[in-house]
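The primary structure of each chain is shown beneath.
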Amino acid sequence: MTLSVGVLMDPIGAIKIAKDTSFAMLLEARRRGHALHYFEQGDLALRDGVPWARMATLEVREDPRDWYTLGQKQWRDLRELDVVLMRKDPPVDAQFIYDTMVLEAAQRGGVTVINNPQALRDCNEKLFALAFPSCIAPTLVSRDAGELRRFTAEHGEVVLKPLDGMGGRGIFRVRAGDSNLNSMLETLLGGDAHGAGRQMAIAQKYIPEIRAGDKRILVVDGEPVPYALARIPQGDEFRGNLAAGGRGEGVPLSERDRWIVAQVAPELRRRGLLFTGLDVIGDYLTEINVTSPTCVRELDAQFGLNIAGQLFDVIERRATGNRNA
């Protein structure tokens, strides 16, 4: 069955196709003969409750100098599509939330949206991991600078993060007594380092095993890909994120990795999160990426996998079932 597949993503002309997971999905859809349609955030609209998108037909190819061709953009009812891949990168800000509401209207019209729009709103990538306390390291989420300082003193060394960041941006590693701690808290909380800030931040006990890599485990409809990409910090950098200069090295899943996936998978399925990325350092789950998980191309290249193919097997079953319902 040929499907009409739409993708909502950041500008396709700016991607690096050798590392872009959205591009891997598009290549797989094209290999299967599905019709592709492209749109960005500014192309969504609701007209009398009907979801619309200003979309262009899309052709993709494995050519680093000429990887896509777009047709003329036209406004169309989103419900004409069979599938929408929601692949807009964070931040999950107000505009992102509004986009999920438009996509939810399409979903009510029978469109299969990956991932489920309500779950994208409900599952903050850092807070969602806290729903599985047996899997996580000691963690505090707060606007209160004093509490965050006390947490740092209690654990000796922590990592501080914003709740809406990605790619390692805005992350600090700090020890108790560090003279820079107040400045870090002011930056993260958006306010006074001695009182309550305007925004929440997250503090996690520092996990020394980060030296062996921050593992990205991809999960498709509750089933883990058998290899993870360990993103290993380089030089003096403590962050393993590839965007922060980390080196990606594929590794088999450990027994602990599989145990963590088993704890999380039922909730992923229940919420309609068909494609997610679990971040694991040592024995601990640190984040659950639901918006636009990456690392497909690196794992495919290292182990001869076709992770997008595994995902599209699920998408095709879902889309066919939704249209026949």
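Check the entry above for the structure.
Values in this document were obtained by computation on a predicted structure and should not be read as measured data.

1. Topic: the overall build of the protein
Phase 1: Across its full length, the protein holds 8 helices and 18 strands.
Phase 2: For the C-alpha atoms alone, the extent of the protein along its principal axes is close to 60 × 45 × 40 Å.
Phase 3: Looking at the protein as a whole, 52% of its 325 residues qualify as buried.
Phase 4: Counted over contacts in the protein with a minimum sequence separation of 6, partners at least 24 positions apart contribute 67%.
Phase 5: Of note, the protein has its 41 positive side-chain charges centred 1 Å away from the centre of its 44 negative side-chain charges.

2. Observations concerning the layout of surface pockets
Phase 1: As a volume, the second largest pocket reaches approximately 330 Å³.
Phase 2: Forming the walls of the second largest pocket are 19 residues, and the residues nearest its centre are Val-92, Asn-124, Leu-163, Asp-164 and Gly-165.
Phase 3: Of all elements in the fold, only helix H3 (117-122) and strand S12 (196-205) reach the threshold of two or more residues within the lining of the second largest pocket.
Phase 4: For the lining of the second largest pocket, the element with the highest residue contribution is S12, accounting for 3 residues.
Phase 5: Among the residues making up the lining of the second largest pocket, the classes are represented as 10 nonpolar, 4 polar and 5 charged.

3. Focus on the packing of aromatic side chains
Phase 1: In the structure shown here, the tally under the stated rule is 3 aromatic pairs.
Phase 2: With a centroid separation of 5.9 Å and an interplanar angle of 50°, the aromatic rings of Trp-67 and Tyr-68 are classed as tilted.
Phase 3: Looking at Trp-67, the relative accessible area reads 13%, which means it is buried.
Phase 4: Between Phe-128 and Phe-132, the ring centres sit 5.8 Å apart and the planes meet at 65°, which makes this aromatic pair edge-to-face. Phe-132 carries the same exposure label as Phe-128, and that label is buried.

4. Describing unusual backbone geometry
Phase 1: Going from Pro-90 to Pro-91, the amide bond is cis rather than trans, its omega being 15°.
Phase 2: With respect to the helices and strands, the residue Pro-91 is situated in the loop between strand S7 (83-87) and helix H2 (94-108).
Phase 3: Residues Ile-114 and Asn-115 are joined by a peptide bond in cis, for which omega reads -5°.
Phase 4: Tracing the chain through its elements places Asn-115 in the loop between strand S8 (112-114) and H3.
Phase 5: For Asp-48, which is not glycine, the phi torsion reads 50° and is therefore positive.
Phase 6: Considering the arrangement of structural elements, one finds Asp-48 in the loop between strand S3 (44-47) and strand S4 (50-60).
Phase 7: Even without glycine at this site, Cys-295 takes up a positive phi of about 95°.

Parameters at a glance
Residues numbered from 1 in each chain as written. Predicted model: local features only at pLDDT ≥ 70, side-chain atom pairs only at ≥ 80, totals over all residues. Heavy atoms only, no water. Helix = DSSP H or I, 4+ residues; strand = E, 2+ residues; numbered from the N terminus. Buried < 20%, exposed > 50% of the residue type's maximum accessible area, 1.4 Å probe, protein only. Contact = heavy atoms within 4.5 Å. Lys, Arg positive; Asp, Glu negative; His and termini not counted. Charge placed at Lys NZ, Arg CZ, Asp CG, Glu CD. 1 Å grid on protein atoms, 1.4 Å probe; cavity = no way out; pocket = protein on both sides within 12 Å on 5 of 7 lines; lining within 4 Å. Points joined across faces, edges and corners; volume = space filled by probe spheres on them. Nonpolar A, V, L, I, M, F, W, Y, C, P; charged D, E, K, R; others polar. Phe/Tyr/Trp six-rings, centres within 6.5 Å; stacked < 30°, edge-to-face > 60°.

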